[in-house]
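A structural walkthrough
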Amino acid sequence: MSSISEAGVVAAVDKELFIGGKWVPATGGKTFPVLDPSTGEALCEVADASPADGVSALDAAVAAQADWANVAPRERGEILRRAYELLIERADELALVMTLEMGKPLAESKGEITYAAEFFRWFAEEAVRIDGGYAVAPNGTGRFLVTKQPVGPCLLITPWNFPMAMGTRKIGPAVAAGCTMIIKPAAQTPLSMLALAAILAEAGLPEGVLNVLTTSDSGGVMEPLIRDGRARKLSFTGSTGVGRKLLEQCADKVLRTSMELGGNAPFLVFEDADLDAAIEGAMTAKMRNIGEACTAANRFYVQRGIVDEFSRRLTERMEALPMGRGTEEGVVVGPLIDEAAVEKVSGLVSDATSRGARVLTGGATVDGPGNFYQATVLTDVPKDARLASEEIFGPVAPITPFDSEDEAVAAANDTEFGLVSYVYTSDLKRALRVSERLEAGMIGLNQGLVSNPAAPFGGIKQSGLGREGGTVGIDEFLETKYIAVAL
Ligand code: NAP
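Residues numbered from 1 in each chain as written. Predicted model: local features only at pLDDT ≥ 70, side-chain atom pairs only at ≥ 80, totals over all residues. Heavy atoms only, no water.

Looking at the pattern of salt bridges
For side chains bearing opposite charge, pairing can occur when the charged atoms are close. Overall, the coordinates contain 35 salt bridges when judged by the stated rule. Across the salt bridge formed by Arg230 and Asp228, the nearest N and O atoms sit 2.9 Å from each other. Owing to a relative accessible area of 33%, Arg230 belongs among the partly exposed residues under this scheme. When its relative accessible area of 31% is taken as the criterion, Asp228 is described as partly exposed. With a shortest N-O distance of 3.0 Å, Glu390 and Arg386 are connected by a salt bridge. With relative accessibility at 27%, the residue Glu390 sits in the partly exposed group. (Salt bridge = Lys/Arg side-chain N within 4 Å of Asp/Glu carboxyl O. Buried < 20%, exposed > 50% of the residue type's maximum accessible area, 1.4 Å probe, protein only.)

Encoded structure:
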């Protein structure tokens, strides 16, 4: 680590658009700044794509599709495998870039690089396992051949909170399936994606398979590409509000969609739970990524007999977390992504306290520079507090007591979201019963982290459509074709 400098790692990233295998400037040489959320200062400028640049990227993805679909699955897998190895080899430099543009502590950035790389390793292995079928028709005279083919050129849009892993979770299966693609990272964190594109090119990804558009005008650049009709799929990770808008745009040309949207995770702790494990899990589920995760525990429901002890112990842990710039040794609470995020978190806490919630620790912004908010625990949070229904996306843990299992399940399910729920109990029957009753795509049962490249990640209700990762992840990028054979 000592040989790498902040300026050095930023300077090493290509900052142009990556189109057709080449780094090119945006039309008119336009650029926009990338800011360090811990200082508010600009790190560098990156190319600001125009709608015309978007069309060039789509032309490149469309032109490369037929040849890419014919590349042997083993070769597609080998490219991903090489990219996995390069990511692991360069994890320190890549983590520093991520911390500088996104703010999370270095150890977490490094964890994300490993997590991101694991999607490439997983899909390198899945590329050679795309299956099909051969069956006798029910009437006995015909035969069914079933095969899977790449969907075609894809549009991928990713958020700022996991700047690399949300990319590899889409690029990995798209490459493995034989799709070409355009990826548009969030304007706040483009550097990690640009660095990833360079690594994929080095790993041997052919020209035009991956195209990267950085832009300050995401709607203006992406909508024409969605409506163009030549791209056959949109895979989006971001807020439910933007996801809804994009689904409407996709309806026009009936694009395939994968939607990884917002969450509002409940975290249930029953009196029979292992309290040490519950506190540990709560810290992970709440504080991973400074609370800026779709999987972040948004509401803690704790059974009345243990709510005081749980609150006291969680408060002690939250109070002890070092806050600071993510590059500093030992820091756990980095800055939030921007001023608007701090205002949102602050507004949600004020709303809760005005309705009767009590602050056990934190509850305030921190003087700048940087977008810091204290690690906070609230108790006696009433049902009608806004943070019970809105994503907090910050380091705030609201606790509400409950009496019965039915009451806890009803409170947990009282949301339009359904991404993940966490349950802590030592009673096996209750664990399974409650897991089945919770309306969520994923359940953390006595654990505060569910993300795993080998598992199907995704939500129900307004948390999204489709799954990323696991054995089903590649299906999102494949069409099933059935050939009716007359014998
Ligand atoms: P966001 O505002 O919805 O943005 C997500 C992406 O969409 C960014 O690249 C953004 O680009 C782009 N975008 C925004 N408006 C667009 C438009 N009209 N047309 C095309 N693209 C557009 O979400 P965010 O604030 O970055 O991310 C946080 C949200 O993502 C949270 O709700 C979180 O729960 C969710 N999330 C979900 C998952 C999951 O797997 N379910 C994972 C991570 C995050 P610009 O920012 O450059 O405009």
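Looking at the sheet that holds strand S12 (residues 265–269)
The sheet built from 7 strands is open, its strands ordered S14-S15-S16-S13-S12-S18-S19 with mixed pairing. Each edge of the open sheet carries a strand with a single partner, namely strand S14 (358–361) and strand S19 (442–445). On average, each strand axis in the sheet is tilted by 25 degrees relative to the strand beside it, whichever way the strands run. As judged from the 3 bridges shared by S12 and strand S18 (residues 420–424), these two strands associate in the parallel manner. Across the sheet, Leu268 pairs through a bridge with Val423, a residue of S18. (Pairing = 2+ DSSP bridges. Helix = DSSP H or I, 4+ residues; strand = E, 2+ residues; numbered from the N terminus. Axes fitted to C-alpha atoms, helices over the stretch in contact; angles between N-to-C directions.)

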